[in-house]
Amino acid sequence: MTGSDQRPFPPWLEVRLGELVRLVSANQAPSGLLVTGPKGVGKGILARAFLQRMACTDAGDSRYGCGRCNGCRSFLGASHPEILHVMPEAPGKEILVDHIREVIEFLSLSRSGPARLVFIEPAEAMTVNAANALLKTLEEPPGGAMLLLSAAQPARLPATVRSRCRLLRVPVPDRGVVADWLRSAADREMSVEEALAACLDRPLEAQALLEDDTARSAWQADHAALQALLRGTSPFPVIERFLACDLASLLPRLQRLLLSVQHYLVQGERDAFGRLFDSDSLQRFAH
Ligand SMILES: [Zn+2]
């Protein structure tokens, strides 16, 4: 990405970013945009790159912000006066109606630039009251206002909010493209293929697993719990290990492991996720 980040911008997001920048250049930017796609595909990276591009005063024909001008610098320092980022006070908490009142107030202030942007992430964290409060602004946006919403589970948003937004879907990218991008990361204890399999093909989670000790410890705990399940003769050690894990990451991996067991039964060989476990215990569990 541009700016302080050394890693290249995720190539699977380039086309989407280009589409957005083109809409703005053609004065066809929607006043409400809903970016959807599974967790970990880069919705936040895409939204931030777009916001930075909007803040940039020196981008020319590029789809990226330059990273050097005052606009980019104030965006990267989270102090751009025309951009408001709305998120829950802590991960997993709700976005409340008071947050949306701040949005309405922000949009009512006089503008110094051509556009005023609000980024709500994750949009499905809005309470029903918050979403209803936002609806009026989506229906009758002040001139130059653009609301950018990001949601991994758009079905949790009221249909009235969804229907007022232009949809931009970010699908799970091609595995080979992600693997090439991940290979640009340094200091790895596991292979890119293993990390992608362990993270169920979600690029940003695989990146964290390759680079971040916390993500690695969480994977090791999940892996040990699932390995204990495969080997398990008694349920107690398995339960003990399950209790040491974060269920939010463990349960999708457990579901994935059961699919790998099924794959093994049908095909007689391990798939990418199954290869993270020893074949003897997978075989024993399958039979
Ligand atoms: Zn710039």
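Residues numbered from 1 in each chain as written. Predicted model: local features only at pLDDT ≥ 70, side-chain atom pairs only at ≥ 80, totals over all residues. Heavy atoms only, no water.

Peer 1: Report on the overall build of the protein chain, specifying residues and quantitative values.
Peer 2: Along the protein chain, the regular secondary structure elements total 13 helices and five strands. With the principal axes as the frame, the protein chain shows a C-alpha extent of 70 × 40 × 30 Å. Taken over 287 residues, the protein chain has a buried fraction of 43%. Restricting to contacts in the protein chain with at least 6 residues of sequence separation, those with at least 24 account for 67%. Across the protein chain, 32 positive and 33 negative side-chain charges occur, with their mean positions spaced 4 Å apart. (Helix = DSSP H or I, 4+ residues; strand = E, 2+ residues; numbered from the N terminus. Buried < 20%, exposed > 50% of the residue type's maximum accessible area, 1.4 Å probe, protein only. Contact = heavy atoms within 4.5 Å. Lys, Arg positive; Asp, Glu negative; His and termini not counted. Charge placed at Lys NZ, Arg CZ, Asp CG, Glu CD.)

Peer 1: Residues and numbers for the sheet that holds strand S2 (residues 83-86), please.
Peer 2: The strands making up a sheet are joined through hydrogen bonds of the backbone, oriented either antiparallel or parallel. A sheet is described by the order of its strands in space; here five strands give the open sequence S2-S3-S4-S1-S5, paired in parallel fashion. Of all the strands in the sheet, just S2 and strand S5 (166-169) have a single pairing partner and so form its edges. With strand direction ignored, the average angle separating the axes of adjacent strands in the sheet is 20°. Across the sheet, helix H1 (residues 11-25) touches strand S1 (32-36) and S5, and the angle it forms with S5 is around 155°. Across the sheet, helix H5 (residues 128-139) is in contact with S1, strand S3 (116-120) and strand S4 (145-151); its angle to S4 comes to roughly 135°. (Pairing = 2+ DSSP bridges. Axes fitted to C-alpha atoms, helices over the stretch in contact; angles between N-to-C directions.)

Peer 1: Explain the nonpolar core to me, and be specific about the residues and the numbers.
Peer 2: Counting 55 residues, the largest nonpolar core has Leu148, Leu182, Trp219, Leu226 and Phe277 as its most contacted members. Residue contributions to this core peak at six residues, all from helix H2 (residues 43-55). Of the residues that make up this core, three or more belong to each of domain 1 (11-169) and domain 2 (175-286). With near-sequence residues (within four places) excluded, Leu148 lies in contact with Leu33, Val35, Ala47, Phe50, Leu51, Val118, Phe119 and Ile120. Ala125, Met126, Leu135 and Leu147 belong to the second-largest nonpolar core, a separate cluster that totals 24 residues. (Core = buried A, V, L, I, M, F, W, Y, C linked by side-chain atoms within 4.5 Å. Domains from an automatic or database assignment.)

Peer 1: Explain the pairing of S2 residue by residue, including any values.
Peer 2: Bridge analysis of S2 against S3 gives four bridges, and the strand direction is parallel. Bridged to Ile83 within S3 is Leu117.

Peer 1: Explain the coordination of the zinc ion to me, using residue names and the numbers behind them.
Peer 2: Four donors placed tetrahedrally about a metal ideally form angles of 109.5 degrees, and six donors placed octahedrally ideally form angles of 90 or 180 degrees. Coordination sphere of the zinc ion, protein contribution only: Cys56 (SG), Cys66 (SG), Cys69 (SG) and Cys72 (SG), at 2.3 to 2.4 Å. Classification of the site at the zinc ion as tetrahedral follows from its four donor atoms and the range of 105 to 119° in their angles at the metal. Classification of Cys66 as buried rests on a relative accessible area of 16%. (Donors = N, O, S within 2.8 Å, 3.2 Å for Na, K, Ca; no water. Tetrahedral: all angles 85-135°; square planar, octahedral: opposite > 155°, others 65-115°.)

Peer 1: Just give me the short version of the side chain of Glu124, but keep the residues and values in it.
Peer 2: Structurally, Glu124 can be placed in the loop between S3 and H5. It turns out Glu124 is buried and unbridged, and the closest side chain with the opposite charge, Arg156, is 5.0 Å from it. Side-chain polar atoms of Glu124 contact the backbone nitrogen of Gln153, separated by 2.8 Å. In contact with Glu124, not counting residues within four places along its chain, are Ser150, Ala151, Ala152, Gln153, Arg156 and Leu157. (Salt bridge = Lys/Arg side-chain N within 4 Å of Asp/Glu carboxyl O. Polar contact = N/O pair within 3.5 Å; in protein donor to acceptor, adjacent residues only side chain to side chain.)

Peer 1: Outline H5, listing residues and values.
Peer 2: In this model, H5 (12 residues) spans 17 Å end to end at C-alpha, consistent with the 16 Å of a helix rising 1.5 Å per residue. Those residues of H5 lying buried are Ala130, Ala131, Leu134, Leu135, Thr137 and Leu138. Turning to H5, the residues buried within the fold contact S1, helix H4 (97-108), S3, S4 and helix H6 (159-163). (Expected span 1.5 Å × (residues − 1).)

Peer 1: Explain the state of the cysteines residue by residue, including any values.
Peer 2: Note on terminology: a disulfide is the covalent bond linking the sulfur atoms of two cysteines. Inspection of every chain in the model, using the stated rule, returns zero disulfides. With no disulfide partner, Cys245 has as its closest neighbouring cysteine sulfur the one in Cys199, 14 Å distant. (Disulfide = S-S within 2.5 Å.)

Peer 1: Tell me about helix H13 (residues 279-286), and please be specific about residues and values.
Peer 2: Of the positions making up H13, those classed as buried are Ser281, Leu282 and Ala286. Buried residues of H13, viewed axially, fall in a sector of 135°; they line one side. For H13, exposure combined with an orientation more than 90 degrees from the buried face picks out Asp280 and Arg284. In this structure, the buried residues of H13 make contact with helix H10 (213-231) and helix H12 (247-267). (Arc of directions from axis to C-beta.)

Peer 1: Could you give an account of unusual backbone geometry, with specific residues and numbers?
Peer 2: A cis geometry characterises the amide bond from Glu121 onward to Pro122, with omega recorded as -10°. Structurally, Pro122 is set in the loop between S3 and H5.

Peer 1: Go over the packing of aromatic side chains with me, naming the residues and quoting the values.
Peer 2: The full count for this structure, using the stated rule, is four aromatic pairs. Where Phe9 meets Tyr64, the ring centres are 5.2 Å apart and the plane angle is 70°; that geometry is what we call edge-to-face. Here Tyr64 lies in the loop between H2 and helix H3 (70-76) and Phe9 lies in the segment before H1, a separation of 55 residues in the sequence. Phe9 sits in the buried class, given a relative accessible area of 7%. (Phe/Tyr/Trp six-rings, centres within 6.5 Å; stacked < 30°, edge-to-face > 60°.)

So yeah, pure geometry; function would need other evidence.
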